[in-house]
Amino acid sequence: MRTEAFFKGSSNNRTSEVLVTFSAKWREPLLSGSINCVLRRRYPKSIVPTRMYLYVAAPFSQVIGVSNITRIIDVNLAKAKKLKKETLLEDCELTSYFDGYEEVGCYCIENTKLYHSAIDLEELRNSWSFYPPQSFVSLSWEAVQWFAAKGTANSRSALTRGDASISAERK
């Protein structure tokens, strides 16, 4: 069994791909592709992520797919309110989310590909000793290859090409 540390990778084995945890209420909007922007108080600052694996927390506890990240920007409350259609958040939810924060990160995502079969927490734990992050985790090259072998349209072709978002340091 691989360890969770192997899943996360070290500084010389980390890719530009992240796994992000969502509460269960976001499962259907993610599955339908209704979300184009994801707001997060905690987000990567030492890397520029290119892909986001979508982990939906209990009661589902599964990775449902992967999205391309077109950019990450810092947004204040006023800017976030202009992104309501992309985030599916109401003014009151945004105001509450920003309580104590002047800015948060905004992942802009597109081209979400769903797994043919969602990857359950049990499989993640059996394969990686995985415990879901509260917010996000940067993925190792080995974890990206493992996810690619699980079968979404874009991850399978990336594995075949051998370039599943290798970080600039690994190219």
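Residues take numbers from 1 onward in each chain, read along the sequence in its written order. Local features in a predicted model are, by the rule used here, given only for residues with pLDDT of at least 70; side-chain atom pairs are given and counted only at 80 or more, and totals for whole chains, interfaces and linings are based on all residues. Side-chain measures were taken over the full set of non-hydrogen atoms in the model, leaving aside hydrogen atoms and water.

Focus on the nonpolar core
Joining through side-chain atoms within 4.5 Å is the link that ties buried Ala, Val, Leu, Ile, Met, Phe, Trp, Tyr and Cys residues into a set, and such a set is a nonpolar core. Whether a residue is buried, partly exposed or exposed follows from its accessible area with a 1.4 Å probe, protein chains only, as a fraction of its type maximum: under 20%, in between, or over 50%, in that order. Formed by 27 residues in total, the largest nonpolar core has its most connected members in Phe22, Leu30, Leu39, Met52, Val75 and Tyr107. Numbering goes from the N terminus for both helices and strands, where a helix is a DSSP run of H or I of at least four residues and a strand is a run of E of at least two. Elements that contribute at least two residues to this core include exactly β1 (14-22), β2 (37-40), β3 (51-56), β4 (62-75) and β5 (104-120). For this core, the leading source of residues is β5, giving five residues. Whether two residues touch is decided by their heavy atoms; if any such pair falls within 4.5 Å, the residues are in contact. For Phe22, the residues in contact, after removing those within four places along its chain, are Leu30, Val38, Arg40, Met52, Leu54, Tyr55, Val56 and Ala57. Of all hydrophobic cores here, the second largest spans 18 residues; its members include Leu19, Tyr53, Leu124 and Phe130.

As for unusual backbone geometry
Following Ala58, the chain continues into Pro59 via a peptide bond in cis, with omega recorded as 10°. Looking at where Pro59 falls in the secondary structure, it is placed in the loop between β3 and β4. Backbone geometry at Asn111 places phi at a positive 55°, although glycine is not the residue there. At Ser129, a residue that is not glycine, the phi angle is positive and equals roughly 55°. For Ser129, a relative accessible area of 26% puts it in the partly exposed group.

Some remarks on the pattern of salt bridges
Here, a salt bridge means any side-chain nitrogen of Lys or Arg that lies within 4 Å of a carboxyl oxygen of Asp or Glu. Considering all chains together, one arrives at five salt bridges under this definition. The partner of Glu17 in a salt bridge is Arg51, with the nearest N and O atoms 3.6 Å apart. In this pair, Glu17 sits in strand β1 while Arg51 sits in strand β3, placing the two residues 34 residues apart along the sequence. Considered together, Glu17 and Arg51 belong to a single accessibility category, that of buried residues.

Some words on the pairing of β3
Burial runs high along β3: six of the six residues are buried. Here β3 shows no split at all, with Arg51, Tyr53 and Tyr55 on one side and Met52, Leu54 and Val56 on the other all buried. Two strands are counted as paired when DSSP detects at least two bridges linking them. When β1 meets β3, the two strands line up parallel, connected through six bridges. The residue bridging Thr21 from the neighbouring strand is Tyr55, located in β3. The hairpin turn running from β3 into β4, its antiparallel successor, is five residues long, and Ser61 in that turn takes a positive phi close to 50°.

Some remarks on the side chain of Arg27
Here Arg27 shows up in helix α2 (residues 27-32). Residue Arg27 is classed as buried on the basis of its relative accessible area, which comes to 19%. Within the structure, Arg27 has its side chain in polar contact with the side chain of Glu28 (distance 3.2 Å). Identification of polar contacts relies on pairs of N or O atoms within 3.5 Å, with a donor-acceptor requirement for protein atoms, meaning one able to donate a hydrogen and the other able to accept it, and with residues adjacent in sequence counted only if both atoms are side-chain atoms. Polar contacts involving the side chain of Arg27 include one to the side chain of Gln62, which spans 3.4 Å. For Arg27, the residues in contact, after removing those within four places along its chain, are Val56, Phe60, Gln62 and Ile64.

A short note on the side chain of Arg40
Structurally, the position occupied by Arg40 is in strand β2. We score Asp and Glu as negative and Lys and Arg as positive, and we do not count His or the chain ends. Summary of buried charges: Arg40 has no salt-bridge partner, and the nearest side chain of opposite charge, Glu93, is 12 Å away. Within the structure, the side chain of Arg40 is placed 2.7 Å from the backbone oxygen of Thr21, a separation counted as a polar contact. If we ignore the near neighbours within four places in the chain, the residues touching Arg40 are Val20, Thr21, Phe22, Tyr97, Val104, Gly105, Tyr107 and Ser135.

Considering the confidence of the model for the protein chain
Looking at the protein chain as a whole, its pLDDT mean stands at 86, while 83% of the residues score no less than 70. The predictor's confidence in any single residue is recorded as pLDDT, a number from 0 to 100. Long-range and interchain partners of residues 153-171, a stretch whose pLDDT sits below 50, account for 35 contacts in this model, where long-range means more than four residues apart.

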